[in-house]
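So the chains spell out like this:
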Amino acid sequence: MRRQLNTLYVTTEGAWLHKDGANIVMDVDGETRARLPVHMLEGLVCLGRVMVSPPLMGYCAEQGITVSYLSMHGRFQARVEGPVSGNVLLRREQYRRTDDPTRCAQIVQNILVGKLHNQRAVLGRGLRDHADKLTDDDKAALTHAHKRLDRIMDKVQSETTLDVLRGLEGEAAQSYFGVFDHLIRSNETAMRFKGRSRRPPMDAVNALLSFLYTLITHDCRSALESVGLDPSVGFLHRDRPGRPSLALDLLEEFRPLLADRLALSLINLKQLTSKDFQTMDNGAVLLKEDSRKVVLTAYQERKREELRHVFLDEKAPIGLFPFLQAQLMARHLRGDIDGYPPFLWK
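Let me begin by describing the structure that accompanies this report. (Residues numbered from 1 in each chain as written. Predicted model: local features only at pLDDT ≥ 70, side-chain atom pairs only at ≥ 80, totals over all residues. Heavy atoms only, no water.)

1. Examining the packing of helix H2 (residues 88-98) against helix H3 (residues 101-129)
- Two elements in contact, H2 and H3, have axes whose closest approach is 6 Å; the angle formed by their N-to-C orientations is 100°. Taken together, H2 and H3 sit at an angle that is classed as roughly perpendicular. Across the interface between the two elements, Glu-93, Arg-97 and Thr-98 from H2 touch Arg-103, Cys-104 and Ile-107 from H3.
- Residues of the contact of H2 with H3, tallied by class, amount to two nonpolar, one polar and three charged. (Axes fitted to C-alpha atoms, helices over the stretch in contact; angles between N-to-C directions. Helix = DSSP H or I, 4+ residues; strand = E, 2+ residues; numbered from the N terminus. Parallel < 35°, antiparallel > 145°, perpendicular 65-115°, else oblique. Contact = heavy atoms within 4.5 Å. Nonpolar A, V, L, I, M, F, W, Y, C, P; charged D, E, K, R; others polar.)

Shown next, in the form of structure tokens:
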């Protein structure tokens, strides 16, 4: 098992993490609650008011373990890591490629093909899994959106202009999220989806999606750094100070399976209900602390499931797929393979 599968999430408010030999120890109110060997970890994610001792932080940096800080509701705040070990020639090629509109567009095309293919798969699975429960209107809306994504994907494969490709992505997102509510089987009004909203999320479904997207972005960033790529310089997402643009590029391929599909499962199986969310004074809707633990457990379990990688033609845990895609991106930039093969969910 690769360390990519082992990220430690600490959600207990007031927890104090410190080093004891080669172990991470968690104390709460002066009492030891947990102990874990450091060598088992690839990342440490602290949600909310969690404190890390300087010796432990330094030891994690030495061992290549990234310490990330998220707000209690999952918003990324900061990241602590040791010296970046990357191939300077690989990164130089990455920077050259992003500055070349034509070659950049070739990578963006493939990223979007992966994203649209996987969005279509979510809609297709919904049609099959709930065929006996969907109304005629549900089926018609989902079928229409599925066909529209087909048409947009055809346009993406023949388009070479970056701005047009980004516009097609927006058109696809509008179509996909326009029918997302048809996949939700909950009868609770508070668990319905009326459209994508961010910063802050304005309903329970958006709160759940945003939290999951944050988790996947963390994993994508770690995967890119592990192969020597700069996660801040992307192809689809434009450079912006403090934004991990390449990690967000990689995220696009995994949103449908690791976030959207998982969110639907949690809601439709009633593992999450309206009681798991709270509404703030400004209208923002956020996951409660215990509910975040439910989501984190489900996310880790999903990452352990095995799936066949279409390009590599071999099975691997889903949690390793961001690492595999980062490797394929690096191989393409080095010239080992002609194009970047996107992640396609079958």
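2. Quick word on the sheet that holds strand S3 (residues 23-28)
- Strand order in the open sheet made by the four strands is S4-S3-S2-S6, with mixed pairing throughout. Whereas interior strands pair on both sides, the edge strands pair on one side only; in this sheet they are strand S4 (31-37) and strand S6 (50-52). In this sheet, adjacent strand axes meet at a mean angle of 25° when their direction is disregarded.
- Where strand S2 (residues 15-20) lies against S6, three bridges are found, and the strand directions are parallel. (Pairing = 2+ DSSP bridges.)

3. Brief notes about the environment of Ala-284
- Structurally, Ala-284 can be placed in the loop between strand S9 (277-279) and strand S10 (285-287).
- Separated by 82 residues in sequence, Ala-284 and Met-202 place their C-alpha atoms 4.8 Å apart.
- Setting aside residues up to four positions removed in sequence, Ala-284 forms contacts with Pro-200, Pro-201, Met-202, Gln-278 and Thr-279.

4. Quick notes on helix H1 (residues 54-62)
- Taken together, the buried positions of H1 are Leu-56, Tyr-59 and Cys-60. End-on view of H1: buried residues confined to an arc of 100°, all on one side of the axis. Opposite the packed face of H1, turned more than 90 degrees from it, sit the exposed residues Pro-54 and Glu-62.
- Where H1 is buried, its residues touch S2, S3, S6 and strand S7 (66-70).
- A positive phi of about 75° marks Gly-64, the residue just after H1. (Buried < 20%, exposed > 50% of the residue type's maximum accessible area, 1.4 Å probe, protein only. Arc of directions from axis to C-beta.)

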